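# A closer look at the structure
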Amino acid sequence: MDGNGRWAKARGLPRLAGHRAGTENLRRTLKACVRHGIKILTIYAFSTENWGRPAEEVRGLMTILEQVIERELKELHEQGVQIRHIGRSDNVSPRLLKKIQKAVELTKHNDTLILNVAFNYGGRQEIIDAVRRIMREGIDPAKVDDALLSQYLYTAGQPDPDLIIRTSGEMRVSNFLIWQGAYAELYVTPTYWPDFNEDELQKALDHYAARERRFGLTAEQTKTLAEQAK
Ligand code: FPP
């Protein structure tokens, strides 16, 4: 959800106004995703690196997240959204953690759409956490493969993302789902996140639909496999 700060600056507003506008847009986008039948949406809300931002902005983002949970949880639950937190819990205030846990617990049986909230999240940290758990559990190194490691990530049990959308024109992955996104299609739009609307989402989905995903194979092999799968 990149570009909130620049969106605000372009309007002579404080950065937090951009994050608030970004939050409103998340609400709209989530509804659009439900309408499009998207089953899993992962949003990058706060990275492990974001703690380094000015204290006022960090505090503001924490407050926004708390307020969003307070304000939106009931409606999200009614829409059938299952909220999951992916990321670490350290440094997060106990009050906010409690609210996150409440949202996760309340919605855990919903199945319209899974909303992974990447909060205090870093892709490298996620892999480190997975390796630590694997080692702690004394897993035989010979048993460690793609499938096993995936089961130790925060997204265990979920398929890899098909499409990663980055707003505001930055051509970087920025430590987001670096393991799971190995074969994801990337879509970058210059639009700032608060302005990323349903038309933009449709454009991203159209681009995705037009791409040929080969997973390292040749075009011919991919075609044969697709025909066999029919
Ligand atoms: C990136 O834009 C955005 C963020 C670091 C925060 C995103 C958070 C929200 C939209 C609100 C809280 C989250 C939830 C789940 C309700 P930026 O600040 O890096 O923008 P810039 O690159 O233009 O400065």
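Use the structure listed above.
The structure reproduced in this document is the subject of the present report. The structure displayed is predicted, hence computed values, not measured ones.

### Examining the pairing of strand 4 (residues 163–166)
Burial along strand 4 is one-sided: the face carrying Ile164 and Arg166 is buried and the face carrying Leu163 and Ile165 is not. Relative to strand 5 (residues 185–188), strand 4 runs parallel, the two being bridged by four bridges. In the sheet register, Arg166 faces strand 5, and the bridge partner there is Val188.

### Focus on the side chain of Asn25
Topologically, Asn25 is positioned in helix 2 (residues 15–35). The contacts of Asn25, once residues within four sequence positions are left out, are Trp193, Pro194 and Phe196.

### Re helix 7 (residues 198–210)
With 13 residues, helix 7 extends 18 Å from end C-alpha to end C-alpha; this agrees with the ideal 18 Å at 1.5 Å per step. For helix 7, the complete set of buried residues consists of Glu200, Leu201 and Ala204. Each buried residue of helix 7 lies within a common arc of 105° when the element is viewed along its axis, so the set occupies one face. Of the exposed residues in helix 7, the ones pointing more than 90 degrees away from its buried face are Asp199, Ala209 and Ala210. Of the surrounding secondary structure, the elements contacted by the buried residues of helix 7 are helix 2, strand 4 and strand 5. Between the side-chain oxygen at the start of helix 7 and the backbone nitrogen of Asp199 there is a gap of 3.2 Å, and the oxygen is on Asn197.

Basis of the calculations
- Residues numbered from 1 in each chain as written.
- Predicted model: local features only at pLDDT ≥ 70, side-chain atom pairs only at ≥ 80, totals over all residues.
- Heavy atoms only, no water.
- Buried < 20%, exposed > 50% of the residue type's maximum accessible area, 1.4 Å probe, protein only.
- Helix = DSSP H or I, 4+ residues; strand = E, 2+ residues; numbered from the N terminus.
- Pairing = 2+ DSSP bridges.
- Contact = heavy atoms within 4.5 Å.
- Expected span 1.5 Å × (residues − 1).
- Arc of directions from axis to C-beta.
- Polar contact = N/O pair within 3.5 Å; in protein donor to acceptor, adjacent residues only side chain to side chain.

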